[in-house]
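Chain residues, written in single-letter form:
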Amino acid sequence: MDKLVIHGGLPLHGTVRASGAKNAALPILIATLLAPGEHVLDNVPELADVSLTLSLLGRIGCPSLVPDDGGSRVRLDTWRIAFSEAPYDVVRKMRASVLALGPLLARQGQARVSLPGGCAIGVRPVDQHLKGLEALGCRFELSGGYVNGRVDHLRGGEVRFDMPTVTGTENVMMAAVLADGVSVLHNAAREPEVVDLARFLRAMGARIEGEGTDTITVDGVPALRPTRTPYSIMPDRIEAGTYLVAGAITGGAVTVERAPVHALAPVLDALRAAGCEVSADGVGPDGAGRIHLRREGPLAPVSIETQPHPGFPTDMQAQWMALMSLAEGDSVIRETIFENRFMHAAELMRMGARIEPDRDRAVVRGVRRLEGATVMATDLRASASLVLAGLAAHGSTEMLRLYHLDRGYERLEAKLAALGARVRRVPDDVRVVRVVEPDEDRAAG
Ligand code: EPU
């Protein structure tokens, strides 16, 4: 297994380009199941989770063609569905596989999807997905760790989610596009990735309104067709935000190109409050543009509370904690989305951070410097926060369990190197007896 070695303490300077968004690419790839035919998608990031999604589609009977030159265009053939199943060995590695439920039920009238169970960042049930699909006429039974779903007549229905759920909203929206009649999704997730999925579905002929608000209306159509022109996945706001924090934490100047400027507003506001100069230009009609960040003065402490979009994203909370551990003063970080998402705190403390986690709150008492250490990644965004801390720390940091990062950050070392960071991926050749922990390969993304 590889590890990442970071020699910290260098201010980062330069420009990187945001890749396609993981959390938009996964549902959009799966949504191709709704329209039999050949699909072409652009700006698909090269990530472990994307490969897993393509292998899931392959298992269902839909082969894909991925360029071997590092390009981002993916071709998929969804003419034939051979198996309506997302098996345990895929779902346990990637929770997002549960997104196959809605499209399979809509196209095949049946689906068998392994229950994802818990993961490193919490229990994360799928009751809202099932409740929403039931409102459209689907029936479920649970057996042997699987959800077995059937529907004879998929019909429009009224769904009121108990909380805004991103993949829950996506799953129900994907089924509703082929239902007979109108569906209304209340308390829907407003995340930009939900909006990107709605746009893709519309490009295939779906009738959807209200995406980006908490009420989405879907008027079902009898059939969808693949888009005529390649659909380009939106850029990744969390990846872009992570590089901006890299500039901030090292006291450098970073530009992120093709960044989703509006989708990042809460993070940009927090960075400004922390004393960074932040500006954007070249914003196109798709909302993507260049974001410039520079920090010269001290870092001011800024408390944040994670909230569904348009609040501060939970997927930036760990990175924010790394940044605040070097602020001049105390801040409070409150995590309201997931109940177990402070596991990076203990690793940051091993690097000299002073953090007092208590249930859903953590008080971060800024320190003057962090020291490099060997640290262990526990989930994707926790890994990102440790990389950021390593970039700012004195000495070198070794981060183990690099595979978490490969799930969500495309060519991370190359992009950091382009900003002047000294970071290397090396095989972890230390011979250890490997203790398999229960959560180790549970997927968090
Ligand atoms: N929830 C339920 N029941 C449900 C669904 C959700 O109780 O049926 C709860 C969850 O336990 C959580 C809250 O609702 O407390 C919100 O979870 P949500 O369903 O929105 O999360 P998700 O759809 O499983 C997506 C992203 C996550 C991101 C969250 C929140 C994808 C593939 N994953 O997960 O991304 O943190 O939304 O924005 O879109 C990551 O990229 O690192 C990652 C974890």
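Analysis parameters
Residues numbered from 1 in each chain as written. Predicted model: local features only at pLDDT ≥ 70, side-chain atom pairs only at ≥ 80, totals over all residues. Heavy atoms only, no water. Near = heavy atom within 4 Å. Polar contact = N/O pair within 3.5 Å; in protein donor to acceptor, adjacent residues only side chain to side chain. 1 Å grid on protein atoms, 1.4 Å probe; cavity = no way out; pocket = protein on both sides within 12 Å on 5 of 7 lines; lining within 4 Å. Sits in = over half its atoms within 2 Å of the grid points. Helix = DSSP H or I, 4+ residues; strand = E, 2+ residues; numbered from the N terminus. Nonpolar A, V, L, I, M, F, W, Y, C, P; charged D, E, K, R; others polar. Salt bridge = Lys/Arg side-chain N within 4 Å of Asp/Glu carboxyl O. Buried < 20%, exposed > 50% of the residue type's maximum accessible area, 1.4 Å probe, protein only. Points joined across faces, edges and corners; volume = space filled by probe spheres on them. Phe/Tyr/Trp six-rings, centres within 6.5 Å; stacked < 30°, edge-to-face > 60°. Pairing = 2+ DSSP bridges. Axes fitted to C-alpha atoms, helices over the stretch in contact; angles between N-to-C directions. Contact = heavy atoms within 4.5 Å.

## Overview of the site of the ligand
Looking at the ligand, there are 24 residues lining it, with Gln-128, Thr-165, Thr-167, Asp-315 and Ile-337 nearest. Lys-22 places a side-chain nitrogen or oxygen 3.0 Å from an oxygen atom of the ligand. Its atoms largely coinciding with the cavity grid, the ligand occupies the largest pocket. Secondary-structure elements contributing two or more residues to the shell around the ligand are α1 (22-31), α5 (127-134), α6 (166-176) and α12 (380-392). The class makeup of the residues in the shell around the ligand is 11 nonpolar, seven polar and six charged.

## Digging into the pattern of salt bridges
Considering all chains together, one arrives at 28 salt bridges under this definition. Asp-196 is the partner of Arg-199 in a salt bridge, and the nearest nitrogen-oxygen pair spans 4.0 Å. On the criterion of helical spacing, the pair formed by Arg-199 and Asp-196 is a turn pair, its members being three residues apart in helix α7 (residues 192-203). The exposure class assigned to Arg-199 is partly exposed, which follows from its relative accessible area of 42%. Since its relative accessible area comes to 2%, Asp-196 is described here as buried. Linking Arg-290 and Asp-281 is a salt bridge whose minimum nitrogen-to-oxygen distance equals 2.8 Å. For Arg-290, a relative accessible area of 35% puts it in the partly exposed group. A relative accessible area of 31% means that Asp-281 is categorised as partly exposed.

## Things to note about the layout of surface pockets
By volume, the largest pocket amounts to about 970 Å³. What lines the largest pocket is a set of 44 residues, among which Arg-124, Val-166, Thr-167, Ile-337 and Phe-338 lie closest to the centre. Of all elements in the fold, only α1, α5, α6, α8 (237-250) and α12 reach the threshold of two or more residues within the lining of the largest pocket. With four residues, α1 is the largest single contributor of residues to the lining of the largest pocket.

## Section: the packing of aromatic side chains
For the structure on display, the rule yields two aromatic pairs. Where Phe-200 meets Tyr-231, the ring centres are 5.2 Å apart and the plane angle is 65°; that geometry is what we call edge-to-face. Here Phe-200, found in helix α7, pairs with Tyr-231, found in strand β14 (residues 231-232); they are 31 residues apart in sequence, far enough to count as distant. In this structure, Phe-200 and Tyr-231 share a single accessibility class: buried. Relative to Trp-320, the ring of Phe-312 has its centre 5.7 Å away and its plane inclined at 65°; by these criteria the two rings are edge-to-face.

## A look at the pairing of strand β15 (residues 253-260)
Among the eight residues in β15, six count as buried, and that is most of the element. Summarising the sheet, strand β2 (residues 13-17) and β15 pair through five bridges and their orientation is parallel. Each residue of the ladder has a partner; that of Arg-17, found in β15, is Glu-257. Here β15 pairs with strand β17 (residues 288-294) via six bridges, running antiparallel. Residue pairing in the sheet places Thr-255 in a bridge with His-292 of β17.

## Observations regarding the sheet that holds strand β12 (residues 207-209)
Through backbone hydrogen bonds, the strands of a sheet pair up, either in parallel or in antiparallel fashion. With mixed pairing, four strands are arranged side by side in an open sheet as β10-β11-β13-β12. Either end of the sheet is taken by a strand with one partner, and the two such strands are β10 (158-160) and β12. Adjacent strand axes in the sheet meet at a mean angle of 15°, parallel and antiparallel pairs treated alike.

## A closer look at the environment of Ala-273
For Ala-273, the location among the structural elements is in helix α9 (residues 265-273). Separated by 153 residues in sequence, Ala-273 and Ala-120 place their C-alpha atoms 31 Å apart. Excluding its chain neighbours within four sequence positions, the residues that come into contact with Ala-273 are Ala-300 and Val-302.

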